[in-house]
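# Notes for the structure review
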Amino acid sequence: MKKLSILGVPMDLGQNRRGVDMGPSAIRYAGVLERLEKLELVIEDLGNVEIAQQKGEQKELVDNLRNLNEVMEGNEKLAQRVDDIIEEGSFPLILGGDHSIAIGTLAGVSKHYKNLGVIWYDAHGDLNNNETSPSGNIHGMPLAVSLGIGHERLVNIHGYQPKVKPENIVIIGARSLDGGERELIKEKGIKVFTMHEVDRLGMSAVMQETIEYLKGRTDGLHLSLDLDGLDPDTAPGVGTPVMGGLSYRESHLAMEMLHESGLVTSAEFVEVNPILDEKNKTASVAVGLMGSLFGEKLL
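Note that the coordinates shown come from a computational prediction; the quantities given were computed from them, not determined experimentally. (Residues numbered from 1 in each chain as written. Predicted model: local features only at pLDDT ≥ 70, side-chain atom pairs only at ≥ 80, totals over all residues. Heavy atoms only, no water.)

In terms of regular secondary structure, the chain is built from 11 helices and 10 strands. For the chain, whose C-alpha radius of gyration is 17 Å, the value lies close to the compact-globule estimate of 19 Å for 299 residues. Dimensions of the chain, computed from C-alpha atoms along their principal axes, come out at roughly 55 × 40 × 40 Å. Per-residue burial over the chain gives 58% buried out of 299 residues. Considering only contacts within the chain whose residues lie at least 6 apart along the sequence, 77% involve residues at least 24 apart. When the accessible surface of the chain is summed, it comes to about 12,000 Å², and 48% of that surface belongs to carbon and sulfur atoms. (Helix = DSSP H or I, 4+ residues; strand = E, 2+ residues; numbered from the N terminus. Rg over C-alpha atoms; globule rule 2.2 N^0.38 Å. Buried < 20%, exposed > 50% of the residue type's maximum accessible area, 1.4 Å probe, protein only. Contact = heavy atoms within 4.5 Å. Areas by Shrake-Rupley, 256 points an atom, 1.4 Å probe, with all protein chains shown as cover.)

Structure below.
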């Protein structure tokens, strides 16, 4: 019986739209505990990581990084908590919060693997750094930071870098990439399935290829799922929606295939913003996807 530890991270400092700090509460309210308890999992809810409140109105940029100190502090705490969860033999399921929390999650997870694989299920590449970012929002940087690219303080969270190798990453659902991100993807040879590939190949083929690609080269697999990877019609409660996204059914198929693979060793679901949502629809979608990831079946 798998042991599962749920940890919320009410972080909204990696961007400048309020409300995403309430994401963990919205996901819990949508019934994540009740849903997963039906799947023969031993579940503990560890509550939330304490996140510092912003000072002022988030206007200050340090080295073109918004709220650097507070984001650093929160991710250091998160990295240690995730590290401890894995030490205790449990599967970390992290609830966000904005996507800057992936910096801490990956810092805590990767320490336990020589070749951690990462599936980045997202409309965005999150491969900017403080020099290329048009906004200074750290939630657009976590994958680059985890590759060891970016501000020295961010890339060295939890005392080491890099957390992941470019050849161990697969991005799924991309449809909004900045110029610097496109260059970095080509330079590092990162495997990306844009919406073009999903449309042409179908989600079944995309996931089969992703699993085969990662299975032979990795000893653990982290899923980082941003709800804006889904189409805004399905998941409206996100801070940076992009039209033309992954469907509800495609996303459930992806989670079901990941469960069948038996490869996933940690996961996070991020960017649920109940202020921008419709009757907690996005949090409910997140909970449904978690059900599929952990083995929920119709028959």
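Okay, the nonpolar core next. Core analysis: the largest hydrophobic core is formed by 48 residues, its most contacted members being Leu 36, Leu 93, Tyr 121, Leu 223, Leu 258 and Phe 269. In terms of residue count, the dominant contributor to this core is helix 11 (residues 281-293) (7 residues). Beyond its immediate sequence surroundings of up to four residues, Phe 269 is in contact with Ile 27, Leu 93, Ile 94, Leu 95, Gly 96, Leu 223, Leu 225, Leu 227, Ala 286, Leu 289, Met 290 and Leu 293. Formed by 43 residues, the second largest nonpolar core is a distinct cluster that contains Val 9, Leu 68, Val 109 and Trp 120. (Core = buried A, V, L, I, M, F, W, Y, C linked by side-chain atoms within 4.5 Å.)

With that settled, the discussion passes to the side chain of Asp 231. Mapped onto the fold, Asp 231 is located in the loop between strand 9 (220-226) and helix 10 (248-261). For the buried residue Asp 231, which engages in no salt bridge, the nearest side chain bearing the opposite charge is Arg 175, 5.6 Å off. (Lys, Arg positive; Asp, Glu negative; His and termini not counted. Salt bridge = Lys/Arg side-chain N within 4 Å of Asp/Glu carboxyl O.)

Looking now at the packing of helix 3 (residues 68-87) against helix 4 (residues 102-110). Viewed as axis vectors pointing N to C, helix 3 and helix 4 meet at an angle of 35 degrees, and their least axial separation amounts to 7 Å. In this structure, helix 3 crosses over helix 4, and the sense of that crossing is right-handed. The residues of helix 4 that touch helix 3, namely those facing Asn 75, Leu 78, Ala 79, Val 82, Asp 83 and Ile 86, are Ile 103, Gly 104, Thr 105, Ala 107, Gly 108 and Val 109. The residue inventory of the contact of helix 3 with helix 4, partitioned by class, reads 7 nonpolar, 4 polar and 1 charged. (Axes fitted to C-alpha atoms, helices over the stretch in contact; angles between N-to-C directions. Left-handed = near helix turned anticlockwise from the far one by under 90°. Nonpolar A, V, L, I, M, F, W, Y, C, P; charged D, E, K, R; others polar.)

These figures capture arrangement, not role.
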